[in-house]
Amino acid sequence: MKYLLKNQTELIYRISDPSYLHIFLDFDGTLAPITQRPEQAVMPDAARDILKTLVKAKGVRISIVSGRALNRVISLVGIKGISYAGCHGLETRPIGKQVFPTANRSGVRACIGSIRQSLTKALTGIINMASIDIEDKGLVLSLHYRRLKPACLKKLREVFLAVSKPYVLSGQMRVLNNKKVFELRPLVGRDKGSYCLDALKGYRKKALPIYIGDDKTDESAFKALKRAGITVFVKGERKTSSAEFYLHSTNEVIDFLRLIARARS
């Protein structure tokens, strides 16, 4: 990976030329700093201001692509003119609320609710429940453990996998281990990469996609867009990525978005 802000001349040339830019942005760790609890996340005013500028720029489209539930990420950003994708692309809202058809099949939400109840029961008395967050997003279940003592992680993983195992073996769910979170998702052919490719349909040859993210879930988008656009990994705990460039922090993401605004003006 190359450090993005040391390649500004190259980037300005690439950003200024195409008819359209489609900027895809993760939320946590990209637009907003990572927090100890998911509900504490706040997007800085500087990020909000530059997004409001970019959404008005000619030939620029913006999508927020988050692992959070759709309604939650919309409330956290709340800017008109932006397309939103929640649950890693399973839920989208450019026009009304849309759910990826296979994920909307009967029983998925009930299954997630049942797993949440079983997991809560299995962990109570074994793990300090104040050190974790079990988040039912409707189509995805997330177990956040950022506040958990490292010595307790092995037991937490064992319980999570034991509760998940029947649903994984039956082909209903798959398990992902992301940044300080275990997740269960429906076993469907949908991820952030496929969401981006769908969003580009109809004008892909005229558009330069730019994807910025910081987690394992963003790797599918980096791989899908690597030859077609600019892919940027916001470095944290992980040392490697399929992205072409890297940035160090959410502040540098804001700097890059400002660079895009200047180039398009």
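See above for the structure.
In what follows, the accompanying structure is described. Computed from a prediction, not measured in an experiment: that's the story for all the values here. (Residues numbered from 1 in each chain as written. Predicted model: local features only at pLDDT ≥ 70, side-chain atom pairs only at ≥ 80, totals over all residues. Heavy atoms only, no water.)

**Quick look at the packing of aromatic side chains**
The description of an aromatic ring pair rests on the distance of the ring centres and on the angle between the ring planes.
Here's step 1: Under the defined criterion, the tally for this structure stands at 7 aromatic pairs.
Here's step 2: Ring centres 5.4 Å apart and planes at 35° place the aromatic pair Tyr 3 and Tyr 246 in the tilted group. With Tyr 3 in strand β1 (residues 2-3) and Tyr 246 in strand β13 (residues 245-247), this pair connects stretches of sequence that are 243 residues apart.
Here's step 3: Cluster of aromatic residues (ring-pair linked, three or more members): Phe 24, Tyr 195, Tyr 211, Phe 222 and Phe 233.
Here's step 4: Here Arg 61 stacks its cationic end above the ring of Tyr 20, 5.3 Å away from the centre of that ring. (Phe/Tyr/Trp six-rings, centres within 6.5 Å; stacked < 30°, edge-to-face > 60°. Helix = DSSP H or I, 4+ residues; strand = E, 2+ residues; numbered from the N terminus. Lys NZ or Arg CZ within 6 Å of the ring centre and 35° of its normal.)

**Details of unusual backbone geometry**
Here's step 1: Not every positive phi belongs to a glycine, and Cys 87 is a case in point at roughly 50°.
Here's step 2: With respect to the helices, strands and loops of the structure, Cys 87 is situated in the loop between β4 (83-86) and β5 (91-93).
Here's step 3: Residue classification places Cys 87 among the buried positions, given a relative accessible area of 0%.
Here's step 4: Phi is positive for His 88, close to 60°, though the residue is something other than glycine.
Here's step 5: Of note, His 88 is situated in the loop between β4 and β5. (Buried < 20%, exposed > 50% of the residue type's maximum accessible area, 1.4 Å probe, protein only.)

**Some details on the state of the cysteines**
Here's step 1: Across all of its chains, the model carries 0 disulfides by this definition.
Here's step 2: Here Cys 87 is not disulfide-linked; the sulfur of Cys 111 is the nearest cysteine sulfur, at 14 Å. (Disulfide = S-S within 2.5 Å.)

It is worth stressing that arrangement in space is one thing and function is another; only the former is reported here.
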